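Spelled out from the first residue to the last, the chains are:
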Amino acid sequence: MRRHPSFVAGGVLVLLWLAAVLLSFAWTPWPPTEIDIPNKLLPPSAAHWFGTDSLGRDVASLLLAGARTSLLVGVAAVGMGAVAGTALGLLGAARRGWLDALLMRAADFSFAFPALLTALMLAALYGPGVATAVAAIGLFNLAVFARISRAAAGAVWSRDFVLAARACGRNRWQITWDHVLPNIAAVLIVQATIQFAVAILAEAALSYLGLGVRPPQPSWGRMLNEAQEYLFQAPQLALYPGAAIALCVLGLNLLGDGLRDLLDPRLARERA
Amino acid sequence: MTALLAVTDLRVALPSARGAVEAVCGVDLRIERGETLGLIGESGCGKSMTALAVMGLLPEGAQVRGSIRFDGQELVGLDDAAMCSLRGRRIAMVFQEPMTALDPLQPLWKLVSASLRVHRGLDARSARAEALRLLERVRLPQAAQRLDARVHQLSGGQRQRVMIAAALACGPELLIADEPTTALDATLQREILGLLDQLVREDGMGLLLISHDLAATARSVARVKVMYGGTVVEEGPTAAVFATPAHPYTRGLVAARPRVGAPRGTALATIPGRVPALGDLPAGCPFSDRCGWVVEDCHAALPPTVDCGEARAARCIRLGDISL
């Protein structure tokens, strides 16, 4: 693990982010949604570490609270997509035949639409909001996990130990649960980390477009949106949430990369 | 009394790029309880496919014709649920590669007790106890300390012991061992085969041993069937078949064995040519393109099985001309 700098760097960034989320539940320098118009657009100071925004809200507090939103949307969207998608992928690999073909073509079909377009459609149907953002990102993740778990499970099904398990009289569902799922877990964990980064970017993009988180709930994407009008007077307002998003996504990607290498025994042997 | 296993005119066709090819073309087998039968031949002669057909574990798209009766019950066309209840409980199989046929992520006790948990519904506690008993029975060193070990912590021979223990868990009536010693070195081969032999005798199981190793087979089974190109070309009591092979292919096989004590520089006898791919078998006798005694009639049709006395038989039309 010490030999893997990207795993360590990614882990540190992700832990910092998680610490920020935990901290935000207990304490923020100011109430994140408290509007204080007379003190708007202040530069960084001892009282307001990162200054205040166009409505006089404390940027540091907003960033902390925004981390909470990105974690919530990420966990919900990736969690739903990963669980449901993996279940479908495992089902397809175990059943084969027409059901498998149907599931995989449905996944292909959903890939044909950019996730953002799906989100626009959902927002048009059900109105913008956190739930819409989670549903749109979750739907995209579902297809991703269905494809990946189907491919990985297909490879496990062709291994000798599955044949041996069948020779013991185990049926396909027992084999799926006891042999296939544990053997594809590493792939899924790595993918979940990377999808988490994608989900955070997507949440920021949707909120920036006004399709995601509604005011007054803080979100890094909405902070970017609001900073846009004051880009010349207070460019730092765009820099802070931008940097937060970038660091968070970078951290998750590095962590995913490191995990992939660490969990892959073939690569581990090469390193040794 | 019905035979434990009676296979009649088994034909297995596998899908390939050039359409279905027959990997097994009309194999007959009969194994009684407590009987041992060897199936020998080169890679690709159909011996493993015969075993997988009995287990109902053929690759997807394979077509099976003929009859496989296990204790009177027809297995060809049996649904998967019914096959699942037989596999591991009444018919068990030991695979050739202990490196790949054991799940690397599961602890030994789970691997060994898999069929017990399926068929007897044992809880984890009694499954562990049974696993320990089985591992001690196959003489795995330090079995008690290794119940939670993973496969990568074992040597090749130990892995094969684990696989045998798993196969024996439910006390099957028929054990199919597909090249159980191929991945092991010579001393371990003897040990594992000796162990199998002992366990089979203790439990009164029927054993179908599949191998390409003549010496290993000769020690372990009472009767042997020699396969070539998907058919059984010769069969009989093991000692007699190896002492005086009748079929030209068996003669070639026996002659090609290295002999300890042969003068230095003696070239190994070989069978000319190579095993043809499944789709490219010659017409008539599958061995006709490599046989030294081939005549025109050999290409006409698959030779019938000729009884040679002493419970022996061979598929060759020239048995009378090529003296034993």
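Here the structure is a predicted model, which is why all the values come from computation and not from measurement.

**Describing the overall build of chain A**
Here is step 1 of the chain: Scanning chain A for helices and strands turns up ten helices and zero strands.
Here is step 2 of the chain: Mapped from its N terminus to its C terminus, chain A presents α and β elements in the order α-α-α-α-α-α-α-α-α-α.
Here is step 3 of the chain: Expressed along its principal axes, the backbone C-alpha trace of chain A runs to roughly 75 × 50 × 30 Å.
Here is step 4 of the chain: Within the span of chain A, comprising 272 residues, buried residues form 47% of the whole.
Here is step 5 of the chain: Counting contacts in chain A only where the partners sit at least 6 residues apart, residues at least 24 apart contribute 70% of the total.
Here is step 6 of the chain: Here chain A holds 20 positive side-chain charges and 15 negative ones, and the gap between their average locations is 12 Å.

**Points about the environment of C285(B)**
Residue and element names in this part refer to chain B.
Here is step 1 of the chain: Summarising the element assignment, C285 is placed in the loop between helix 10 (248–255) and strand 11 (306–309).
Here is step 2 of the chain: By relative accessible area, which is 9% here, C285 ends up buried.
Here is step 3 of the chain: Ignoring any residue separated from it by four or fewer positions in sequence, one finds C285 in contact with C298, A301, L302 and P303.

**Structural notes on the sheet that holds strand 5 (residues 73–74) of chain B**
Residues and elements named next belong to chain B.
Here is step 1 of the chain: Spatially, 2-1-4-5 is the arrangement adopted by the four strands of the open sheet, whose pairing is antiparallel. A strand with exactly one partner marks an edge of an open sheet, and here the two such strands are strand 2 (21–31) and strand 5.
Here is step 2 of the chain: As judged from the seven bridges shared by strand 1 (residues 5–14) and strand 4 (residues 63–70), these two strands associate in the antiparallel manner. Directly across from V7, in strand 4, lies its bridge partner I68.
Here is step 3 of the chain: Helix 1 (residues 47–55) contacts strand 1, strand 2 and strand 4 of the sheet and is inclined by roughly 110° relative to strand 1.

**Considerations on the interface of chain B and chain A**
Here is step 1 of the chain: Listed as interface residues are 24 residues of chain B and, on the opposing side, 17 residues of chain A.
Here is step 2 of the chain: Of the roughly 1,700 Å² buried where chain B meets chain A, counting both sides, 56% is carbon and sulfur surface.
Here is step 3 of the chain: It is L57(B), D103(B) and V118(B) that lose the most area in chain B upon contact with chain A, and together they represent 24% of the buried surface on that side.
Here is step 4 of the chain: Taken together, the links from chain B to chain A amount to one salt bridge.
Here is step 5 of the chain: With its nearest N and O atoms 3.4 Å apart, the salt bridge here joins R96(A) to E60(B).
Here is step 6 of the chain: When residues of the side of chain B that touches chain A are traced back to their parent elements, those giving at least two are helix 1, strand 6 (91–94) and helix 4 (114–119) of chain B.

Here is what the cut-offs are and how they apply
- Residues numbered from 1 in each chain as written.
- Chains lettered and ligands numbered in written order.
- Predicted model: local features only at pLDDT ≥ 70, side-chain atom pairs only at ≥ 80, totals over all residues.
- Heavy atoms only, no water.
- Helix = DSSP H or I, 4+ residues; strand = E, 2+ residues; numbered from the N terminus.
- Buried < 20%, exposed > 50% of the residue type's maximum accessible area, 1.4 Å probe, protein only.
- Contact = heavy atoms within 4.5 Å.
- Lys, Arg positive; Asp, Glu negative; His and termini not counted.
- Charge placed at Lys NZ, Arg CZ, Asp CG, Glu CD.
- Pairing = 2+ DSSP bridges.
- Axes fitted to C-alpha atoms, helices over the stretch in contact; angles between N-to-C directions.
- Buried area = accessible area lost by both parts, 1.4 Å probe.
- Salt bridge = Lys/Arg side-chain N within 4 Å of Asp/Glu carboxyl O.

Read these as spatial facts, not as claims about activity.
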